[in-house]
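Structural characterization, general
Below are the chains, spelled out letter by letter.
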Amino acid sequence: MSFDSGSCSNGGDHKSFRQITRERLLYEMLAPEKNGTSKSAWKVLVLDKFTVKIMSSACKMSEITQQGISLVEVITKQRQPMPSIEAIYFIQPTESNVNAFLSDMTGKSPLYKKAFVFFSSPVTRNLVTLIRKDVRAMKRIGALKEMNLEYISMDIQGFVTNNENALEDLYSDEENHQRADACLNVVAKRIATVLASVKEYPFVRYRGAKALDATTMTTYRELIPTKLAASVWNCLARYKQTIEDFPQTETCELLILDRSIDQIAPLIHEWTYDAMCHDLLKMEGNKYTHEVPSKTGDKPEKKEVLLDEEDPIWVELRDVHIADASERLHEKMTNFISKNKAAQLKHSSKDFGDISSKDLKKMVHALPQYSEQIDKLSLHVEIARTINRTIMEQGLRELGKLEQDLVFGDAGRKDVIKFLSTNNVINQESKLRLMMILAAIYPKKFEGEKGRKMMELAKLSGDDVVAVNNLRLLGPVHTESKRSTTGSFPLKFDVLKKKRAARKDRVGETQTWQLSRFYPIVEELVEKLNKGHLPKLDYPCMNEPKPTFYSASQSPSASPVLPHSRRTPTWARRHLSDDGYFSDSVLGRASSGFKKKGQRIFVFIVGGATRSELRVCHKLTEKLDREVILGSSSFLDPQTFLTKMKQINEEEEISLDDIDI
């Protein structure tokens, strides 16, 4: 089994990663011209629980309907027979799914007239044999293909493999190798389908284990990136043999990391609009729930909205500092009201009795556009106000400064003690995050009596203490001694006193806004990868490139001249039009300027990725002129990470009734 992908690297239009994903689903799988279904007839789309997520992350229901799909069903649920209609199955190649599909298509009354089956990843020989043995089902199968598309597109430059429990499976203290190996195999298979979708064959780099000598025992956890890289490599070797037009030489770079690379990124308060929304607003994925006035005049109603790439305001503001976002929103609202007739009239001192017929006519003409645009703007103004109010109420500015000073070596344990002794505003979650940042930088100071006293001062609960202690499972944080000096003149008299720093200030970068010093380790690694400066001992390569691969003359912002160029979206700020809004429609698809980019860089973090890491991928795409795509087993907000660290070693409770005597 194989497929003819529509995402060939050579020739044709250059497309972004997410666009390729969407078009493969809509046009390669659902379009009658490609899948062999009847062109004029309506069809049923049958999915499993995972492929439902894949489809909904990449395609709108209206787009699916345009391809002739009248109904979407889930394979595990009981369905009504439709013997006159063809069905398209997009399912994982599991035994339960195959058995359910065969049951649908056999017997005296099959559910559908004909089945066109698309598997999300490679099918095992056993399952192929199972299908072939069923003669009755085979007569009703119109197509049987491997799509090799088994990931969820979370962002125009981000995806997840939907392994929500990877952190627990891989880093548990009990080191259940069988469970961990199974997790890594699934993750590797899904990473490989990403590369199959875009038809890229990478140089595979990974974070190597630190202790690989005869005298030191290397733990399973240290070998996680190594094992994952080897498994991905095996999957790609198969694709080279089975997928038509799959590259036979390297076309991109893949860097495989794990969550231990940066313990601070999931904990620290990030000050961008996106990170603050997910940290402070209790969002579910990209879904935000807020209250709107009731149309009947009763109590306010709850309304759900998606903060995603369909919203151009979100696309513009998500990676900027919350203070910058607030200023831009104020500017947009002021500009909109000053130039939109309906808004002017609504915000003027006139009541409707004073409005002239000419003004009323202008207002009526402006109302539809006004309503759409003001709703979007008002939503983000409300969100920004809520975030800023929460920042004030929880004392996050002072906390944020201390967090960043700790990370950059400008503060230490005594500063934390002083802060906790004098600050009564911050909540327990913030105290826990502060303690975990401190423990990550100074692990030895959390051993024994010192650690116990620190956690008592912070008034941590038993579960909180467990979370702090479980940080050791992710390994030590790389730190450097720091002396606070400028030039040859010391700013502090205690110049001999050294503090540990988990980050260095970045040379040549000025910060416009306070509390924006922090950057995740991924940013530094990708920049080194781009220049060919990643240490080979620390980051080995499964297929080491030739010395000529990286140009010795390239500048820090340049990228190699490569055989397959791409077009990717720019992230420049949009211009305001005369109606006080973006130059494109407020409800238009966020996209859009495309220009040729250099070779793609894929970064995969097993164990969970953060919003800050996704942000730097957006940033580096512009800076390096290469599309940087971030993948992970899941995306972590701070609350999710804390919960996982509390529960990482929890075992299933066993009742005495379960024991046979």
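Residues numbered from 1 in each chain as written. Predicted model: local features only at pLDDT ≥ 70, side-chain atom pairs only at ≥ 80, totals over all residues. Heavy atoms only, no water.

Under an unreviewed UniProt entry, the chain has the name Protein transport Sec1b and belongs to Eruca vesicaria subsp. sativa.

Things to note about the overall build of the chain
Secondary structure summary: the chain contains 23 helices and 18 strands in total. The buried share of the chain, reckoned over its 661 residues, is 53%. For the chain, contacts bridging at least 24 residues in sequence account for 79% of all contacts bridging at least 6. Accessible surface computed for the chain: about 31,700 Å², of which carbon and sulfur atoms make up 51%. (Helix = DSSP H or I, 4+ residues; strand = E, 2+ residues; numbered from the N terminus. Buried < 20%, exposed > 50% of the residue type's maximum accessible area, 1.4 Å probe, protein only. Contact = heavy atoms within 4.5 Å. Areas by Shrake-Rupley, 256 points an atom, 1.4 Å probe, with all protein chains shown as cover.)

Description of the pattern of salt bridges
Per the stated rule, a full pass over the model turns up 42 salt bridges. Ionic pairing is found between Arg179 and Asp169, a salt bridge with its closest N-O pair at 3.4 Å. Within this pair, whereas Arg179 is found in helix 9 (residues 177–198), its partner Asp169 is found in helix 8 (residues 166–171), the two being separated by ten residues in sequence. Among the residues examined, Arg179 registers a relative accessible area of 33% and is labelled partly exposed. Among the salt bridges present, the one from Asp505 reaches Arg517, with a minimum N-O distance of 3.0 Å. Taken as a pair, Asp505 in the loop between strand 15 (499–501) and helix 21 (521–531) and Arg517 in the loop between strand 15 and helix 21 lie far apart in primary sequence, twelve residues in all. When its relative accessible area of 42% is taken as the criterion, Asp505 is described as partly exposed. (Salt bridge = Lys/Arg side-chain N within 4 Å of Asp/Glu carboxyl O.)

A short note on the packing of helix 5 (residues 95–105) against helix 6 (residues 125–133)
In contact at an axis separation of 11 Å, helix 5 and helix 6 are set at 10° when each is read in the N-to-C sense. As far as their axial angle goes, helix 6 and helix 5 are roughly parallel. Contacts from Glu95, Val98, Asn99 and Leu102 of helix 5 reach helix 6 at Leu127, Leu130 and Ile131. In the contact of helix 5 with helix 6, the residues fall into five nonpolar, one polar and one charged. (Axes fitted to C-alpha atoms, helices over the stretch in contact; angles between N-to-C directions. Parallel < 35°, antiparallel > 145°, perpendicular 65-115°, else oblique. Nonpolar A, V, L, I, M, F, W, Y, C, P; charged D, E, K, R; others polar.)

Describing the packing of aromatic side chains
The final tally for this structure, using the stated rule, is eleven aromatic pairs. On the basis of an interplanar angle of 25° and a centroid distance of 5.7 Å, the ring pair of Phe17 and Tyr151 is categorised as stacked. Placement of the pair is Phe17 in helix 1 (residues 17–30) and Tyr151 in the loop between strand 5 (141–146) and strand 6 (152–155), with a sequence separation of 134 residues. Neither residue differs from the other here; Phe17 and Tyr151 are each classed as buried. (Phe/Tyr/Trp six-rings, centres within 6.5 Å; stacked < 30°, edge-to-face > 60°.)

Remarks on helix 11 (residues 273–280)
Within helix 11, eight of the eight residues are buried, leaving the element largely enclosed by the surrounding structure. Just downstream of helix 11 lies Lys282, where phi reads positive at about 55°.

Regarding a positive patch on the surface
Together, Lys414, Lys444, Lys445, Lys450 and Arg500 make up a positively charged patch on the protein surface. Considering the arrangement of structural elements, one finds Lys445 in the loop between helix 18 (428–441) and helix 19 (448–457). Classification of Lys445 by relative accessible area gives partly exposed; the value is 31%. (Patch = residues over 30% accessible without salt bridge, like charges linked within 9 Å, V, L, I, M, F, W, Y side chains within 5 Å. Lys, Arg positive; Asp, Glu negative; His and termini not counted. Charge placed at Lys NZ, Arg CZ, Asp CG, Glu CD.)

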